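Notes for the structure review
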Amino acid sequence: VPMEEIYYVYAGGNLDNMYTDPAQAVAQADAKVGVVLNRAQQYVWERGNKKTKIQLNLSDVPEAFLKGTLDFEAFSSDLSSIGQPMNLAGCTLEQVLYWVSAQRPVLASRGDGGSYVIVGYDQYNTIVYNPDNQETKYMAMDDSTELFQAAGNVFYSYMELIK
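Residues numbered from 1 in each chain as written. Predicted model: local features only at pLDDT ≥ 70, side-chain atom pairs only at ≥ 80, totals over all residues. Heavy atoms only, no water.

Quick look at the overall build of the chain
- For the chain, the count of helices and strands is 5 helices and 11 strands.
- The C-alpha atoms of the chain give a radius of gyration of 15 Å, which matches the 15 Å a tight globule of 163 residues would have.
- The principal-axis extents of the C-alpha atoms in the chain amount to approximately 45 × 35 × 25 Å.
- When burial is assessed residue by residue, the chain has 47% of its 163 residues classed as buried.
- Intrachain contacts of the chain at a sequence separation of at least 6 include 57% that bridge at least 24 residues.
- Summing over all exposed atoms, the chain offers an accessible surface of approximately 8,300 Å²; the carbon and sulfur share of this is 47%.
- Across the chain, the 11 positively charged side chains and the 20 negatively charged ones have centroids separated by 6 Å. (Helix = DSSP H or I, 4+ residues; strand = E, 2+ residues; numbered from the N terminus. Rg over C-alpha atoms; globule rule 2.2 N^0.38 Å. Buried < 20%, exposed > 50% of the residue type's maximum accessible area, 1.4 Å probe, protein only. Contact = heavy atoms within 4.5 Å. Areas by Shrake-Rupley, 256 points an atom, 1.4 Å probe, with all protein chains shown as cover. Lys, Arg positive; Asp, Glu negative; His and termini not counted. Charge placed at Lys NZ, Arg CZ, Asp CG, Glu CD.)

This is how it looks when you write it as structure tokens:
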């Protein structure tokens, strides 16, 4: 059994708090204008430090995302060889776009039992891949924020394993 990951929130030049839930760590770092690091001292999340636009190449998106499963255990087991799965439920769309900016897709619940994979964004839109029909489309930022909020802001992503 792997050790439980711990997320460290730094704000104002000091260690603010530690969490086992990455979403709680992100919320705290966002509130305190701080950063979140993991045990390996990788940046997990940093407020305001994301590209203005990005679109991931679908061929670079791990299979675990393209399957679109919202079963976190199955998602985690599919991802275990490449990274540390992260349940970001409760984060906002704005917060999880940091992962996309860092070249990591984000799986998001649509609330109807289905999911979207957030593979990009620009100033006005999120770019989502639909695992059900294998289509990619632009969604207005307000519409996707609303959709994901209504679905409970259920988001999954990952951190690469340090070799």
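Back to the text.
As for the environment of valine 117
- On the secondary structure map, valine 117 appears in strand β8 (residues 115-121).
- When the C-alpha atoms of valine 117 and valine 106 are compared, they prove to be 5.6 Å apart, with 11 residues separating the residues in sequence.
- Once you skip the residues sitting within four places of it in the chain, valine 117 turns out to touch Val61, Phe65, Pro105, Val106, Leu107, Ile127, Val128, Tyr129 and Pro131.

Some details on the pairing of β8
- Of all 7 residues that make up β8, 7 are buried, and the element is covered over most of its length.
- Relative to β8, strand β5 (residues 54-55) runs antiparallel, the two sharing 2 bridges. Of the residues in β8, the one forming a bridge with isoleucine 54 is tyrosine 121.
- Where strand β7 (residues 106-109) lies against β8, 4 bridges are found, and the strand directions are antiparallel. (Pairing = 2+ DSSP bridges.)

Here we look at the pattern of salt bridges
- Summed over the entire model, instances satisfying the criterion amount to 8 salt bridges.
- Salt-bridge contacts for arginine 39 lead to glutamate 5; the nearest nitrogen and oxygen are separated by 4.0 Å. Placement of the pair is arginine 39 in the loop between β3 (35-37) and β4 (43-46) and glutamate 5 in the segment before β1 (7-11), with a sequence separation of 34 residues.
- Overall, glutamate 5 belongs to the buried group, its relative accessible area being 13%.
- Residue arginine 110 pairs with aspartate 132 through a salt bridge whose shortest N-O separation is 2.9 Å. Separated by 22 residues along the polypeptide, arginine 110 in the loop between β7 and β8 and aspartate 132 in the loop between β9 (125-130) and β10 (135-140) bring together distant segments of the chain.
- A relative accessible area of 13% means that arginine 110 is categorised as buried.
- Residue classification places aspartate 132 among the exposed residues on the basis of a relative accessible area of 55%.
- One salt-bridge network, held together by shared partners, links Arg110, Asp112 and Asp132. (Salt bridge = Lys/Arg side-chain N within 4 Å of Asp/Glu carboxyl O.)

What to know about the sheet that holds β4
- As summarised here, the arrangement of the 4 strands in space is β2-β1-β3-β4, forming an open sheet in which the pairing is antiparallel. Each edge of the sheet is formed by a strand with only one pairing partner; in this case those strands are β2 (14-19) and β4. Adjacent strand axes in the sheet meet at a mean angle of 25°, parallel and antiparallel pairs treated alike.
- Strand contacts of helix α1 (residues 22-31): β1, β2, β3 and β4, with the helix running at about 0° to β1, the strand carrying the most contacts. (Axes fitted to C-alpha atoms, helices over the stretch in contact; angles between N-to-C directions.)

Side note on unusual backbone geometry
- For glutamine 134, which is not glycine, the phi torsion reads 55° and is therefore positive.
- Tracing the backbone through its elements, the reader meets glutamine 134 in the loop between β9 and β10.
- According to the relative accessible area criterion, glutamine 134 is exposed, its value standing at 54%.
- For asparagine 153, which is not a glycine, the phi torsion comes out positive at approximately 50°.
- Topologically, asparagine 153 is positioned in the loop between α5 (141-150) and β11 (155-160).
- Assessed through its relative accessible area of 11%, asparagine 153 is described here as buried.

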